[in-house]
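Architecture at a glance
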Protein chains: 2
Amino acid sequence: MRKVNILKPVLVSNIERARENRKVFDKMNSLVINIISSPGAGKTSLIQRVVEQFKKRYKILIIEGDIKGQIDSGRLSKLGVDVIQINTVTECHLDAFMTAQVLPQIKKKYDLILIENVGNLVCPAEFEIGEDYKLAILSTPEGDDKPLKYPLLFHLAKVVVINKCDLLSHVDFKLKRAQDGIKNENPKAMIFEISAKTGRGLANFYKFLEKELNAKKKKAKS
Amino acid sequence: MRKVNILKPVLVSNIERARENRKVFDKMNSLVINIISSPGAGKTSLIQRVVEQFKKRYKILIIEGDIKGQIDSGRLSKLGVDVIQINTVTECHLDAFMTAQVLPQIKKKYDLILIENVGNLVCPAEFEIGEDYKLAILSTPEGDDKPLKYPLLFHLAKVVVINKCDLLSHVDFKLKRAQDGIKNENPKAMIFEISAKTGRGLANFYKFLEKELNAKKKKAKS
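A brief structural summary. If you're wondering where the values come from, they're calculated on a predicted model, not measured in any experiment.

**Details of the overall build of chain A**
- Summing up its helical and strand segments, chain A has eight helices and seven strands in all.
- Compactness check: chain A gives a C-alpha radius of gyration of 18 Å against a globular reference of 17 Å for 222 residues, within 12% of the reference.
- C-alpha atoms of chain A, sized along the principal axes, occupy 70 × 40 × 40 Å.
- Looking at the 222 residues of chain A, the share that counts as buried comes to 57%.
- Relative to all contacts within chain A whose residues are 6 or more apart in sequence, the contacts with residues 24 or more apart total 73%.

**With respect to the interface of chain A and chain B**
- Every contact between the two is made by 31 residues of chain A and, on the other side, 31 residues of chain B.
- Counting the surface lost from both chain A and chain B, the interface buries some 2,500 Å², and carbon and sulfur atoms represent 59% of this.
- The largest per-residue losses of area from chain A upon contact with chain B belong to A:Pro39, A:Lys149 and A:His170, which jointly make up 23% of the total buried on that side.
- Linking chain A to chain B there are two salt bridges.
- Across the salt bridge formed by A:Lys149 and B:Asp72, the nearest N and O atoms sit 2.7 Å from each other.
- The tally of links from chain A across to chain B stands at nine residue pairs in polar contact (both at pLDDT 80 or more).
- Put simply, the parts of the chain that give the side of chain A that touches chain B at least two residues each are helix H3 (71-77) and helix H5 (146-149) of chain A.
- In terms of residue count, the dominant contributor to the side of chain A that touches chain B is H5(A) (three residues).

**Some thoughts on the pairing of strand E1 (residues 31-37) of chain A**
Residues and elements named next belong to chain A.
- Most of E1 sits out of view: seven of its seven residues are buried.
- Burial along E1 is two-sided: Leu-31, Ile-33, Ile-35 and Ser-37 and Val-32, Asn-34 and Ile-36, pointing in opposite directions, are all buried.
- Bridging between E1 and strand E4 (residues 112-116) involves five bridges; their strand directions are parallel. When the bridges of E4 are listed, Val-32 appears paired with Ile-113.

**Quick look at the packing of aromatic side chains**
- For the structure on display, the rule yields twelve aromatic pairs over all chains.
- Members of the aromatic cluster, connected to one another through ring pairs, are A:Tyr133, A:Phe192, A:Phe205 and A:Phe208.

**Topic: the packing of helix H2 (residues 43-54) of chain B against helix H8 (residues 202-221) of chain B**
Residues and elements named next belong to chain B.
- Following both chains from N to C, one finds H2 and H8 inclined at 65°, their axes separated by 11 Å at the closest point. The hand of the H2/H8 crossing is right-handed. Packed against H2, whose contacting residues are Leu-46, Arg-49, Val-50, Gln-53 and Phe-54, the element H8 presents Leu-202, Phe-205, Tyr-206, Leu-209, Glu-210 and Leu-213 at the interface.
- Grouping the constituent residues of the contact of H2 with H8 by class yields eight nonpolar, one polar and two charged.

**What about the nonpolar core?**
- Counting residues in each nonpolar core, the largest one holds 50 residues, and the members touching the most others are A:Phe173 and B:Phe173.
- Listing elements by their share of this core, those giving two or more residues are strand E5 (133-139), helix H6 (151-156), strand E6 (159-163) and helix H7 (175-185) of chain A together with strand E5 (133-139), helix H6 (151-156), strand E6 (159-163) and helix H7 (175-185) of chain B.
- If sequence neighbours within four positions are ignored, B:Phe173 has contacts with B:Leu138, B:Ser139, B:Thr140, B:Gly143, B:Asp144, B:Ile162, B:Leu168 and B:Ala178.

**A few points about H7(B)**
Residue and element names in this part refer to chain B.
- Burial in H7 covers these residues: Leu-175, Ala-178, Gly-181, Ile-182 and Glu-185. Buried residues along H7 cover an arc of 130° about the axis, so they all sit on one side. Summarising the geometry of H7, the exposed residues directed more than 90 degrees from the buried face are Lys-176 and Asn-184.
- In this fold, the buried residues of H7 make contact with E5, helix H5 (146-149), H6, E6 and strand E7 (190-193).

**Details of helix H1 (residues 14-27) of chain B**
- With 14 residues, H1(B) should cover 20 Å at 1.5 Å per step; its first-to-last C-alpha distance of 20 Å lies within 8% of that length.
- With its phi angle positive at about 55°, B:Asn29 sits one or two positions after the end of H1(B).

**A look at the relation of the copies chain A and chain B**
- The operation relating chain A to chain B is a screw motion whose rotation component is 180°, with 0.0 Å of axial translation and a residual RMSD of 0.0 Å. Taken together, the turn and the small shift mark the pair as related by a two-fold rotation axis.
- Comparing contact sets, 100% of the residues at the interface of chain A also lie at the interface in chain B, consistent with an isologous, same-surface contact.

**Considering the pattern of salt bridges**
- Under the criterion given, the structure shown has 26 salt bridges over all chains.
- Of the charged contacts, one joins A:Asp26 and A:Arg22 as a salt bridge, the two residues approaching to 2.9 Å between their closest N and O atoms. Within this pair, A:Asp26 and its partner A:Arg22 are both found in helix H1 (residues 14-27), separated by four residues, close to a single helical turn.
- Looking at A:Asp26, the relative accessible area reads 38%, which means it is partly exposed.
- Take A:Arg22: its relative accessible area is 16%, and that puts it in the buried class.
- Between B:Arg22 and B:Asp132 there is a salt bridge, and its shortest N-O distance comes to 2.9 Å. On the criterion of sequence distance, the pair formed by B:Arg22 in helix H1 and B:Asp132 in the loop between strand E4 (112-116) and E5 is long-range, its members being 110 residues apart.
- Connected through shared salt-bridge partners, A:Arg22, A:Asp26, A:Asp132 and A:Lys216 make up one network.

**Some thoughts on unusual backbone geometry**
- Residues other than glycine seldom take positive phi values, yet A:Lys164 does so here, at roughly 65°.
- Within the element layout of this structure, A:Lys164 appears in the loop between E6 and H7.

What counts as what
Residues numbered from 1 in each chain as written. Chains lettered and ligands numbered in written order. Predicted model: local features only at pLDDT ≥ 70, side-chain atom pairs only at ≥ 80, totals over all residues. Heavy atoms only, no water. Helix = DSSP H or I, 4+ residues; strand = E, 2+ residues; numbered from the N terminus. Rg over C-alpha atoms; globule rule 2.2 N^0.38 Å. Buried < 20%, exposed > 50% of the residue type's maximum accessible area, 1.4 Å probe, protein only. Contact = heavy atoms within 4.5 Å. Buried area = accessible area lost by both parts, 1.4 Å probe. Salt bridge = Lys/Arg side-chain N within 4 Å of Asp/Glu carboxyl O. Polar contact = N/O pair within 3.5 Å; in protein donor to acceptor, adjacent residues only side chain to side chain. Pairing = 2+ DSSP bridges. Phe/Tyr/Trp six-rings, centres within 6.5 Å; stacked < 30°, edge-to-face > 60°. Axes fitted to C-alpha atoms, helices over the stretch in contact; angles between N-to-C directions. Left-handed = near helix turned anticlockwise from the far one by under 90°. Nonpolar A, V, L, I, M, F, W, Y, C, P; charged D, E, K, R; others polar. Core = buried A, V, L, I, M, F, W, Y, C linked by side-chain atoms within 4.5 Å. Arc of directions from axis to C-beta. Expected span 1.5 Å × (residues − 1). Least-squares fit on C-alpha atoms with pLDDT ≥ 70 in both.

This is the structure we're talking about:
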């Protein structure tokens with residue numbers, strides 16, 4: 001029988017590239033979270049809180065996706081953790097190839113890699129980048145109907161953080177309606193109700209994250 | 001000399017298609033506004049206010065862009081004006097071709113056509129659809145740094161409405177900083193500070209819109 005070598009195409013698909021990224025993250029046993037929300041829903045504020053809570057015990061890297069500028073990475077680098085900036089220029093989302101481009105800049109092992117995607121509920125959900133899971137943030141001023149209107153993200157996100165709960169009495173947002181909308185898309189979604197501003201509800205979220213980080217450590221040892 | 005007929009390609013560009021749409025709108029002397037914002041910033045609420053204010057004196061059509069569903073068009077059709085729904089399915093923005101597809105459904109002349117784009121600050125700004133101008137909405141809970149982070153929209157929008165000003169005392173949003181950010185991208189931008197919820201600042205915006213509508217009417221007569 002003649003053996004035919006099938007050459008791997010140079011241009012791989014996004015999903016293939018995401019799997020390659022995943023291998024790099026797996027070698028470090030990093031927990032990688034792809035954080036997605038509308039503009040201004042609180043991605044940077046949540047990251048800031050998580051970094052403050054965990055930076056003494058875990059090595060943390062932030063990959064910061066923005067169309068333009070370095071406003072958020074400037075804000076985050078003050079916390080004393082490593083931040084890598086990706087400017088997507090005209091693209092409204094991060095994809096696996098953009099993420100791959102910054103991998104050579106990762107010189108250390110990190111326990112936790114937080115990737116802040118571009119502020120957008122649509123396209124960021126469509127592109128895997130090598131993450132363990134997607135975390136969606138829904139802020140209360142946006143309205144409780146967003147899971148119905150942007151279903152793909154809420155279908156795919158393992159974790160949904162409802163942020164700006166300090167504004168609940170000032171905005172038209174019913175927690176029950178939002179939860180039902182999320183559960184309708186993804187019955188297994190973990191939902192946390194928080195205020196990154198006041199700290200409300202964060203203890204529960206930290207407990208969950210700590211468990212995830214420990215699970216990774218256990219896996220690394222086995 | 002031999003004459004060579006160059007056939008017009010079937011697939012025209014978005015900008016060419018937008019110009020064709022424009023011709024249809026011009027025949028009706030319609031004022032066409034492409035309304036763009038983040039999810040939940042108040043596009044539907046602003047449209048609702050404008051319809052209530054102007055529907056007795058002007059013929060209004062709403063073209064409603066959503067990934068999925070008819071939540072907003074349901075809400076708006078209760079106001080007794082015509083609403084055409086476009087579901088973009090996987091696309092994160094309206095383009096001139098999607099808009100062209102619904103033009104045959106327009107059977108009357110309208111003075112004002114309000115097009116509610118998909119909730120997204122990025123791609124909707126990149127596609128002209130035949131509008132007179134883009135109107136961007138920035139809501140206060142999103143933060144005053146958005147013009148710096150999503151510059152194209154604020155560069156292109158003739159009108160910027162800062163919405164949810166009723167929440168100003170509860171959120172970290174400096175009007176001056178937002179105005180400076182907008183003016184930096186577009187020194188000629190008209191900026192209105194409103195609350196679609198309480199009605200604050202709407203009188204000024206209505207006055208502006210009335211002027212625009214009258215200018216169209218004058219043009220029609222001349």
